[in-house]
Amino acid sequence: MVNRTSTTITSVSTHDLRHSAASFMVNSGVDLFAVDKVLGHSSVQSAQRYSHLANDTLLKAVEAGAAKHKAW
């Protein structure tokens with residue numbers, strides 16, 4: 001458990017918040033096109049920087065499925 005009284009954030013930018021929001025969306029399974037539109041990017045290519053997060057999420061899903069299959 002994190003002791004919130006000892007944690008200090010010195011500076012947070014709008015960019016940091018947008019990046020975090022996009023990361024959370026992608027890791028929750030929201031497709032890149034939707035993330036791109038929510039963030040108001042002018043092109044879908046802007047959301048491509050988050051595609052590695054989607055791949056990590058997919059890999060975890062495959063690994064979880066494989067682990068469940070092993071248990072049978």
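Everything numeric in this text was worked out from a predicted model, so none of it was measured.

1. Here's the deal with the overall build of the protein
When you go through the protein residue by residue, the secondary structure sums to 3 helices and 0 strands. Excluding contacts between residues fewer than 6 apart, the proportion of contacts in the protein whose partners are at least 24 apart in sequence is 35%. Surface exposure of the protein reaches about 5800 Å², of which carbon and sulfur atoms provide 60%.

2. Some words on the packing of helix α1 (residues 14–27) against helix α3 (residues 51–71)
One can describe the packing of α1 onto α3 by two numbers: an axis separation of 8 Å at closest approach and a directional angle of 30°. Here α3 runs roughly parallel to α1, going by the angle between their axes. Crossing of α1 over α3 shows right-handed handedness. Together, Ser23, Val26 and Asn27 of α1 and Leu53, Ala54 and Thr57 of α3 make up the contact between the two elements. Residue composition of the contact of α1 with α3, grouped by class: 3 nonpolar, 3 polar and no charged.

3. Considering the packing of α1 against helix α2 (residues 32–39)
It is the contact of α1 with α2, at a shortest axis distance of 10 Å, that shows an interaxial angle of 155°. Classified by the interaxial angle, the pair formed by α1 and α2 is roughly antiparallel. Both α1 and α2 take part in a crossing whose hand is right-handed. Here Arg18, Ala22, Met25 and Val26 of α1 lie close against α2, whose contacting residues are Leu32, Val35, Val38 and Leu39. Here the residues of the contact of α1 with α2 sort into 7 nonpolar, no polar and 1 charged.

Parameters at a glance
- Residues numbered from 1 in each chain as written.
- Predicted model: local features only at pLDDT ≥ 70, side-chain atom pairs only at ≥ 80, totals over all residues.
- Heavy atoms only, no water.
- Helix = DSSP H or I, 4+ residues; strand = E, 2+ residues; numbered from the N terminus.
- Contact = heavy atoms within 4.5 Å.
- Areas by Shrake-Rupley, 256 points an atom, 1.4 Å probe, with all protein chains shown as cover.
- Axes fitted to C-alpha atoms, helices over the stretch in contact; angles between N-to-C directions.
- Parallel < 35°, antiparallel > 145°, perpendicular 65-115°, else oblique.
- Left-handed = near helix turned anticlockwise from the far one by under 90°.
- Nonpolar A, V, L, I, M, F, W, Y, C, P; charged D, E, K, R; others polar.

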